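# Structural description and commentary
Next come the chains, spelled out residue by residue.
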Amino acid sequence: METVNKEYLGVPASPGICIGKAYLVGSREFQVKKTKLTEAQVEKEMARLQAAIDATRKEIQTIKQRVGQEVGFSEAEIFNAYLHILQDPLLIQAAMDQIRASRINAEYILQEIAKQLIGQFKDSPDEYLQERATDINDVVARLLRNLTGQPMDLLSEVEDDVIVVAKDLTPSQTATMRRERVIGFTTDIGGKTSHAAIMARSLELPAVVGLKNLTEVVQNGSTLIVDGTAGIVLINPNGQMLAKYRHAQQRMEQWSRKLKKLKGVTAVTKDGYRLTVAANIELPEDVRQARKYGAEGIGLFRTEFLFLNRRDLPGEDEQFEVYQMVARQSLPYTTIIRTLDLGGDKFLSRLGTTTEMNPFLGLRGIRLCLAHQDLFKVQLRAVLRASHFGKIKIMFPMVSCVEEMRQAKALLREAQKELGRRRVLYDRNMEVGLMIELPSAAMTADILARESNFFSIGTNDLIQYTLAADRINEKVAYLYNPLHPAILRLIRQVVQAGHNERIWVGMCGEMAADPQLTPLLVGLGLDEFSTGPAFVPQIKKGIREVNFAECRELAEKVMACTTSADIEALLKSLMKNEVLHDSIIPKT
Ligand code: PEP
Ligand code: MG
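Residues numbered from 1 in each chain as written. Chains lettered and ligands numbered in written order. Predicted model: local features only at pLDDT ≥ 70, side-chain atom pairs only at ≥ 80, totals over all residues. Heavy atoms only, no water.

A regular strand places its side chains so that they alternate between the two faces of the sheet. The buried fraction of strand 13 (residues 391-396) amounts to five of the six residues, a majority that puts the element mostly inside the structure. Pairing between strand 12 (residues 334-338) and strand 13: five bridges, direction parallel. The residue of strand 13 that forms the bridge with Thr 334 is Lys 391. As paired strands, strand 13 and strand 14 (residues 432-436) are joined by three bridges and run parallel to one another. Counted as the bridge partner of Ile 394 is Val 432 from strand 14. What joins strand 13 to strand 14 is helix 14 (residues 402-421), and the crossover it makes is right-handed. (Buried < 20%, exposed > 50% of the residue type's maximum accessible area, 1.4 Å probe, protein only. Helix = DSSP H or I, 4+ residues; strand = E, 2+ residues; numbered from the N terminus. Pairing = 2+ DSSP bridges. Right-handed = clockwise from strand over helix to strand, strands pointing away.)

Only Glu 437 (OE) and Asp 461 (OD) from the protein coordinate the magnesium ion (ligand 2), and they sit 2.0 to 2.2 Å from it. Of this pair, Glu 437 sits in the loop between strand 14 and helix 15 (439-443) while Asp 461 is found in helix 17 (residues 459-467), placing the two residues 24 residues apart along the sequence. Judged by its relative accessible area of 2%, Glu 437 falls in the buried class. (Donors = N, O, S within 2.8 Å, 3.2 Å for Na, K, Ca; no water.)

This paragraph deals with the site of ligand 1. As a structural note, the neighbourhood of ligand 1 is formed by 14 residues, with Arg 302, Gly 458, Asn 460, Asp 461 and Arg 471 the closest of them. In the environment of ligand 1, an oxygen atom lies 2.9 Å from a nitrogen or oxygen atom belonging to the side chain of Arg 338. Here Thr 459 contributes a backbone N or O atom positioned 3.1 Å from an oxygen atom of ligand 1. Burial of ligand 1 by the surrounding chains reaches 99%, relative to a free accessible area of 280 Å². Contributing elements (two or more residues each) for the shell around ligand 1: strand 11 (298-302) and helix 17. For the shell around ligand 1, the per-class residue count stands at three nonpolar, four polar and seven charged. Counting residues domain by domain, the shell around ligand 1 receives three or more from each of domain 3 (303-430) and domain 4 (435-580). (Near = heavy atom within 4 Å. Polar contact = N/O pair within 3.5 Å; in protein donor to acceptor, adjacent residues only side chain to side chain. Areas by Shrake-Rupley, 256 points an atom, 1.4 Å probe, with all protein chains shown as cover. Nonpolar A, V, L, I, M, F, W, Y, C, P; charged D, E, K, R; others polar. Domains from an automatic or database assignment.)

This part takes up the confidence of the model for the protein chain. Scored by pLDDT, the protein chain comes out at a mean of 88, with 89% of its residues at no less than 70. This stretch, residues 577-588, has a pLDDT under 50; its non-local contacts, to residues over four places away or in other chains, come to 33 contacts. (pLDDT = per-residue confidence, 0-100. Contact = heavy atoms within 4.5 Å.)

This part takes up the sheet that holds strand 2 (residues 11-14). One key point about sheets: their strands pair by backbone hydrogen bonds, in either a parallel or an antiparallel sense. Strand order in the open sheet made by the eight strands is 1-8-7-3-4-5-6-2, with mixed pairing throughout. Because the sheet does not close on itself, it has two edges, and the strands there are strand 1 (6-9) and strand 2. Averaged over all pairs of adjacent strands, the angle between strand axes in this sheet comes to 30 degrees, irrespective of strand direction. Strand direction decides the pairing type here: strand 2 and strand 6 (residues 207-209), joined by three bridges, are antiparallel. The partner of Val 11 across the bridge, within strand 6, is Val 209. Of the strands in this sheet, strand 3 (17-25), strand 7 (223-227) and strand 8 (232-235) are in contact with helix 9 (residues 239-260), which crosses strand 3 at around 115 degrees. (Axes fitted to C-alpha atoms, helices over the stretch in contact; angles between N-to-C directions.)

Here is the structure:
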């Protein structure tokens, strides 16, 4: 029975709506036969295996080059891991030995060894090794195809516009798909930072991930609606749903066209109050998107993505290359590099940190960096070196007290001295700021402002810590409310404390990207908004449509409200209908 008009909820990974036919990937199993070889055939079999290895290597090198040019060098890095697998003695030498010893055909032996290796890796508690299981699977599938000539699920062969439905997408699958033919993605596993999610955002394709068992309920060719903004997938939608989403899609497209025209405009209110709208980036190549949407610099570069999905740690030179490239590409604007914010929901297996009961309240952000000072100093030196090549500011995440800020600054001074001894140039006036994302930091903003050149309010965490509502737990999502009077009071207090000490105050949490909140945030006195690149034009537009004096009055009225429902009603009454993205204000 075909599923009809059924809605599935997943993780919104890449915004936008697409409507099209499902194309299931990864469902086809290779049929490999076991054949006994004669003594004379054994050497021929070796040559056949070697030819398949050579052909696979060539394929991977070609993909690596293409991805490097089209998507970015850090995405292309993944293919080095693939090339290593092709040389791995546990796979290749073991296969050759077994073919000789057992006189059984190469594809059968290869598949058996791969099954064992994948099984071991999958069961490993190490996240890195679990991910390697997917890589081995992908490389062995290519080897088998080259050995047998059997077709694979090759996205590059897709002829019609399709929505790819997969358990997970390997880097080589996403890289070889024909971009113009694939209009969206869904995957059963993964979160916002999974490879497929990152790739979908880079390609600007709507995507929903973490859909659990969607591949089991979708049939090839079924009609799908993928709403990557809300994280919804509809299978075989009825006419009413199709009409609703087509309408929403058209509105979004009209909007995007209109907003793209705003690329070069400044964020200035009608009465001449100038603000900055910058972009948040997660991968170095996101700078291109930031520029495309007219961001005035990078307000938050989340550097932890350099550290994830790998076995080793990025060294000083590697980090320096990335930071200086981003800083150069962002000129004439500033790049704010946030130091490592691992912990919480982003773990690094390499550090061997033990599992914590409450990771969000544990060794996260600056705490982890102060506990692993060598690791931190490598990053500090890399940022300092890059500061010679662009306009860089640095900021620390998860600061809870002034002592942490002082310790972090002391380590920065040590890093400066070390570079001085090496006669390496860096910007001696690089600004140092901190993220205000804990209630303790917000309440002591007056003290912290004396130690800081700027503040950036991280509302994603500030809300979860203030309201004791886990930001990734859907069961308490109804409590996670940016319009709670506690949150607005903290924001006001932080802005005032910053301004009293003559430092600027920005916001890089998701609240800054909500167009319904722009007039209020302007009225509360924010100096900078930093949002995902695609949200930049709309926030600029929102700022250009308001009067600073009126925003201040609005903020006064809002601060006098006693409930978030009253605040929401007040803000909604001011909004025009033109909203591109759903507001993050909960629907009551
Ligand atoms: C925040 O907490 O608001 C923030 C911007 O940081 P992250 O989302 O990376 O925790
Ligand atoms: Mg945060």
